[in-house]
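The residues making up each chain are set out below.
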Amino acid sequence: MTASVRHDRPPRGPRRRARLLAVVAVLSTAVVTAGILAAYLYRGRTAPAADPQAAARHAAASQHLAAAESGLLPWHLPAPVSREVVVPGRHGKLIVLGGLTPSGASAAGVYSVGTRTGAARRIGALGVAVHDAAGAVTGGRALVFGGGSATSIATVQGFTLPGGHGGAAPGLARLPNARSDLAAVTVGAVTYVLGGYDGTRPDASVLATTDGRTFRNVATLKVPVRYPAVAALGGKIFVFGGLTVTGLRAGTPVNTIQAVDPARHTCSVIGHLPEPLAGAAAATLHGEVFVAGGESTVPQSRALGTGTTQYHARGPRVGVETGGARTFTVSTIWAFQPTTGRLLPAGRLQVPVSHAAVTVSGSRAWIVGGESHGVPIAAVQMLRRNEAFGTAGAQGAGSPYFGASLLIADRGNNRLLVLTDTMHVAWKYPSAKAPRDPLRFYFPDDAFFIKHGTAIISNQEQNDTLVEIAYPSGKIIWSYGHPRQPGTAAGYLYEPDDAYLLKNGKITVADANNCRVLVINHNGTVAHQIGTNGVCQHNPPSSMGTPNGDTPLADGNLLVSEINGSWVTEYTPAGKLVWTVQLPISYPSDPQQLGHDRYLIADYAAPGQILEFNRAGRILYRYRVASGPGRLDHPSLVELLPSGVFMANDDYNNRMVAIDPATRALVWQYGVTGRKGRGPGKLHIPDGFDLLLPNGTTPTHRVTG
C-alpha cells in the first residue's frame, strides 16, 4: 500500500509516499477478547502452567496430535556451537555448557542466555572441556554426564546455578564406564542416562540417578545407539533413532523407536521412524512428544522460499561421522503417537539442524546451536505445541494459516496469488484462463476477499483503478477509475490505497495523492468524502496528509493512517472526527484494531517495525530487529492471525513472513529474502494479503462485505 511510485527500492525525497498493504478490517471487541486475547498470550504474559499428568492423559486418550509452531529467534549465540549441553536456568534463562567449537575443539565455557533478548554472559567454566555429553538439572545444579574430550570420559561434572551465578562444583562421581554421544532425560526426581559408547563399544545400559553420584542399571537398550533423541511421557522413555556403533553399517542412522519402562526394567522396539535419523532433538510439551531435525540417509528437499527462513551457515564442516552412509540435515518436526508407535509430520524447523542441544523452559522447547549441513551454527530456535497450526499428519500441519487460503498481492510481478496452507499456488491472476482484462491489471497494491470468498477487491495504485474480480473465474465484475489517468473529478482516483467492500455494499478507499478518503456507491457515485482535494495537511476533520489506510471498524467507522506527520485517526464514514494521535514512528502503514484501545500498525521503514499502540500514542508492543533474518525491510501490512502470530508483507525483502509475538521468532516465510522472482517460492515486492477460511469468512476483517 503505497501512495507513490515504487521501483526496486523505496523512493527517495523529502516526502515519502504511502504504500499500504491490504489492511485488515478490525475485529469486533467481542471477537478480540474471546478469540484473540485468549489465544495470543504474549507481551510478557504466559499461559497458566499446565498439569503435566493431565496433559499426558489427554494426549494418550486422543489420536489427534497438535502441530508444532517453530521459529528462528531474532538473536543468536555469541559464537557457533554444537554438541553442547543446555539446561533451563532461572527467570527464563538458558544455561549452555561446553560443546564443540567451529574449529573442532571441545569447549569448557558456561554461558547464561536470556530467551527474551539473547543477552549472553559467561558465568563460569567446566573443569573438563567436553562435547557430546548429556545434561540435567538436579538439586539446583547442572549435571554434565560423560562426553568426549580427548577421548570418551566417565566424569560427571556439576555446575551450581544459584540465580544464574555459580561455578564448577567439586567432582561428583563417575559413570560406571566412559561414555560419549549419550542422552539424558529426567522423570520426576530421577534422571536417566542412556545411549552412547566408550569410543569403540556401545553402551546399552540405561542408568538411573537422583544425585549424579550413584547410578543403578534399570534396563538395556534393544538396539544400542549413539546420538539418539530421547523424551519421556507417561513414565516411559522413548528413544528415537541414533547411529549404529558396530557391524557393517556402523555409523549409519537407524529408524527404530525404542520404549524403556524403568519400572518394569524393560526395553522394546515399538515402531519405526519415517526415515533413519540420528542427532535429532526430542522434547515433551504439554503431554505431546516432538522429534525435530537430525541427520538422515534420505535426501531432503531444500526448496527455497517455501515455509522456512533462509539462514546461511558459514564455516568449515565439523564432526562428520566416518564409516557410515552419507547423511542430510533434516528440518522436519514430527509428533509422536505412542498408541501406534508412529511419527506424524507436524511442521518444520526454520533452520535444518542436527546435534543441537535442546531443553524445555516454560511452554517451549529451545533448540540451541547445532550443525546445519555439517557446519556449526549460532542460531537458536524455539518449538511449541500449537493446535491453531493444525493437526499432526494433516496436510498443512505447521502452517500459521492452517486450513485457510492465503491471497497475496504480488505487486512487483503485477499479479495476485492464492496459496494453500501447503504453499502450493492454487490460483493466480492474470492468467491465460481468465477473461480479457480491458483495464490492463497493473500495480496491485492490496487485495481482499469479498462476498464470502466469491470475489476479490483490489486497488491498482499506479493504475489509478479499483476492481472487483470474480473468484475463481477471474472475470472483472466492477471497476472504478481510469487506467493510468489520475484525477480528482468524479470517477477518477490518484494512487488509490486499501480498497474495502463494506457490509452495506459501498466501497471505501484511501485516495492517497488526492489526500482524501472516499466512500463510493456501487453505481459509481461518491457517498462520502473525508478530506479536501489536494490539501495534504493533518487538520481533522477538514484535511488529511496523504492517507494510505482506511480500515473499516466494527462500529462502522474508519481507521485512517496518514503518512505526513505519522498520524492515525478514527472518522465516521461521514467525516466526523472521533480521535487522532501522532505516533513516534517514521511511516505508519495500515492500522488495525485489536481491542477496545489497542491497535496494530506497520512502520514502513528499514529496518521496519511492528507496533501496538493505544489512542494516547503509547507504544504497547514493538518488534524491531536491526539485522539478520528477522530484519524487516519496509513492511506495509501486518495482521494478527487466528493462530496467534503476526503475518506481514516484508516488501523489499520480497517475502511474506509470520512472527511469533511472544518470542519475536520467525515462524514462517514465503519468498526468498532479498531476491525477487516469479517462480515457485518467489515474490517481487508483495504489498497486500488476506486469508479465506473454507466457510467463506475472512478472519482478519470480519466486518467487511
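As the structure is a prediction and not an experimental result, all values here were calculated from the model. (Residues numbered from 1 in each chain as written. Predicted model: local features only at pLDDT ≥ 70, side-chain atom pairs only at ≥ 80, totals over all residues. Heavy atoms only, no water.)

Overview of the overall build of the protein
Condition: Numbering of helices and strands runs from the N terminus, with a helix taken as a DSSP run of H or I at least four residues long and a strand as a DSSP run of E at least two residues long. A simple rule labels every residue: compare its accessible area, found with a 1.4 Å probe on the protein chains alone, to the largest value its type can have, and call it buried under 20%, exposed over 50%, or partly exposed in between. All accessible areas in this document rest on Shrake-Rupley with a 1.4 Å probe, and a residue is counted as covered only by the protein chains that are shown.
A count of helical and extended segments in the protein gives two helices and 52 strands. For the protein, the proportion of its 705 residues judged to be buried stands at 61%. A total accessible area of about 25,300 Å² is found for the protein, and carbon and sulfur atoms account for 52% of it.

Focus: the state of the cysteines
Counted only if it meets this: Two cysteine sulfurs form what is called a disulfide whenever their separation falls within 2.5 Å.
Considering all chains together, one arrives at one disulfide under this definition. Bridging C515 to C536, the disulfide has an S-S length of 1.9 Å. One disulfide, between C515 and C536, carries an S-S torsion of 105° and so falls in the right-handed class. Of this pair, C515 sits in the loop between strand 37 (507-511) and strand 38 (516-520) while C536 sits in the loop between strand 39 (526-530) and strand 40 (547-552), and the two are 21 residues apart along the sequence. Like C536, C515 is buried.

Regarding the nonpolar core
Which entries qualify depends on this criterion: We call a set of buried residues a nonpolar core when its members are Ala, Val, Leu, Ile, Met, Phe, Trp, Tyr or Cys and they connect through side-chain atoms within 4.5 Å of each other.
Core analysis: the biggest nonpolar cluster contains 37 residues, and V368, Y401, L406, M647, M656, W668 and Y670 have the highest contact counts within it. Here the element with the most residues in this core is strand 51 (residues 666-670); it accounts for three residues. Within the second largest apolar cluster, 21 residues are counted, among which are L285, L344, A346 and A365.

Some words on the sheet that holds strand 2 (residues 85-88)
Here is the rule: At least two DSSP bridges between two strands are needed for those strands to be called paired. For helices, the axis comes from a line fit to the C-alpha atoms of the stretch in contact; other axes are also lines fit to C-alpha atoms, and the angle between any two N-to-C directions lies between 0 and 180 degrees.
With respect to topology, four strands assemble into an open sheet ordered 2-3-4-5, the strand pairing being antiparallel. Lying at the two open borders of the sheet, with one neighbouring strand each, are strand 2 and strand 5 (120-130). Within the sheet, the average angular offset between the axes of one strand and its neighbour, ignoring direction, is 20°. Relative to strand 5, strand 4 (residues 106-114) runs antiparallel, the two sharing six bridges. Bridge pairing in strand 5 places A107 opposite V130.

Section: the pairing of strand 29 (residues 405-410)
Along strand 29, five of the six residues are buried, which leaves the element largely enclosed by surrounding structure. In this sheet, strand 52 (residues 686-692) lies alongside strand 29 in antiparallel orientation, the contact comprising six bridges. By the bridge assignment, L407 is partnered in strand 52 with D690. Strand direction decides the pairing type here: strand 29 and strand 30 (residues 415-419), joined by five bridges, are antiparallel. Each residue of the ladder has a partner; that of D410, found in strand 30, is R415. Linkage of strand 29 to strand 30, two consecutive antiparallel strands, is achieved through a turn of four residues, within which N414 is found at a positive phi near 55°.

A word on the confidence of the model for the protein
Counted only if it meets this: A score between 0 and 100, pLDDT records how confident the predictor is in each residue. Should any heavy atoms of two residues lie within 4.5 Å, those residues are considered in contact.
Scored by pLDDT, the protein has a mean of 90; 89% of the residues are at 70 or more. The model gives residues 2-62 a pLDDT under 50, and that stretch makes 199 contacts with residues more than four places away or in other chains.

What to know about the pattern of salt bridges
What counts here: Only one rule defines a salt bridge in this text: a Lys or Arg side-chain nitrogen within 4 Å of an Asp or Glu carboxyl oxygen.
For the coordinates displayed, the defined rule picks out 16 salt bridges. The partner of R385 in a salt bridge is E387, and the shortest N-O contact between them spans 3.4 Å. Note that D597 and R615 form a salt bridge whose closest N and O atoms lie 3.7 Å from each other. Pair noted here: D597 is in the loop between strand 44 (588-595) and strand 45 (598-603) and R615 is in the loop between strand 46 (609-613) and strand 47 (619-623), with a separation of 18 residues, a long-range link. Of the residues examined, D597 reaches a relative accessible area of 30% and is grouped as partly exposed. What makes R615 partly exposed here is its relative accessible area of 30%. One salt-bridge network, in which partners are shared between bridges, spans R83, D132 and E371.

Re the packing of aromatic side chains
Condition: Only Phe, Tyr and Trp rings are paired, with Trp represented by its six-membered ring, and only when their centres lie within 6.5 Å; those with planes under 30 degrees apart are stacked, over 60 edge-to-face, the remainder tilted. A ring has a charge above it when a Lys NZ or an Arg CZ is no more than 6 Å from the ring centre and no more than 35 degrees off the ring normal.
On inspection of all chains with the given rule, the structure shows 15 aromatic pairs. Plain terms: the ring middles of Y429 and F441 are 5.1 Å apart, the flat faces sit at 90° to each other, and that makes the pair edge-to-face. Here Y429, found in strand 31 (residues 425-429), pairs with F441, found in the loop between strand 31 and strand 32 (444-450); they are 12 residues apart in sequence, far enough to count as distant. The burial state of Y429 is the same as that of F441; both residues are buried. In textbook terms, an aromatic cluster arises when at least three aromatic residues are bridged by ring pairs, as seen for W427, Y429, F441, F449 and Y471. Of note, R226 hangs over the ring of Y197, and the distance from its end group to the ring centre comes to 4.1 Å.

Focus on the pairing of strand 30
Two faces make up the sheet, and in a regular strand the side chains alternate between them. Counting buried residues along strand 30, five of its five residues qualify, which places the element largely inside the surrounding structure. Going residue by residue along strand 30, you find R415, L417 and L419 tucked away on one face and L416 and V418 tucked away on the opposite face as well. Bridge count for strand 30 against strand 31 is four bridges, and the pairing is antiparallel. Opposite V418, over in strand 31, you have W427 as the bridge partner. The antiparallel pairing of strand 30 with strand 31 creates a hairpin that spans five residues between the two strands, and M423 there sits at a positive phi of about 65°.

Let's talk about the sheet that holds strand 38
Taken in spatial order, the four strands of this open sheet run 36-37-38-39, and their pairing is antiparallel. Edge positions in the sheet fall to strand 36 (496-501) and strand 39, since each of these pairs with one other strand and no more. Taking the axes of each pair of neighbouring strands and ignoring which way they run, one obtains an average angle of 15° across the sheet. Note: strand 38 against strand 39, four bridges, orientation antiparallel. By the bridge assignment for strand 39, L518 is matched with Q529.

Remarks on the environment of R385
We count it as follows: Side-chain atoms alone can form a polar contact between residues adjacent in sequence; in general such a contact is a pair of N or O atoms within 3.5 Å, and within protein one must be able to donate a hydrogen while the other accepts it.
In this structure, R385 sits in strand 28 (residues 379-385). Here R385 is in contact with A66, A67, L285, H286, E288 and F290, once residues within four sequence places are set aside. Of note is the side chain of R385, whose polar atom sits 2.7 Å from the side chain of E288.

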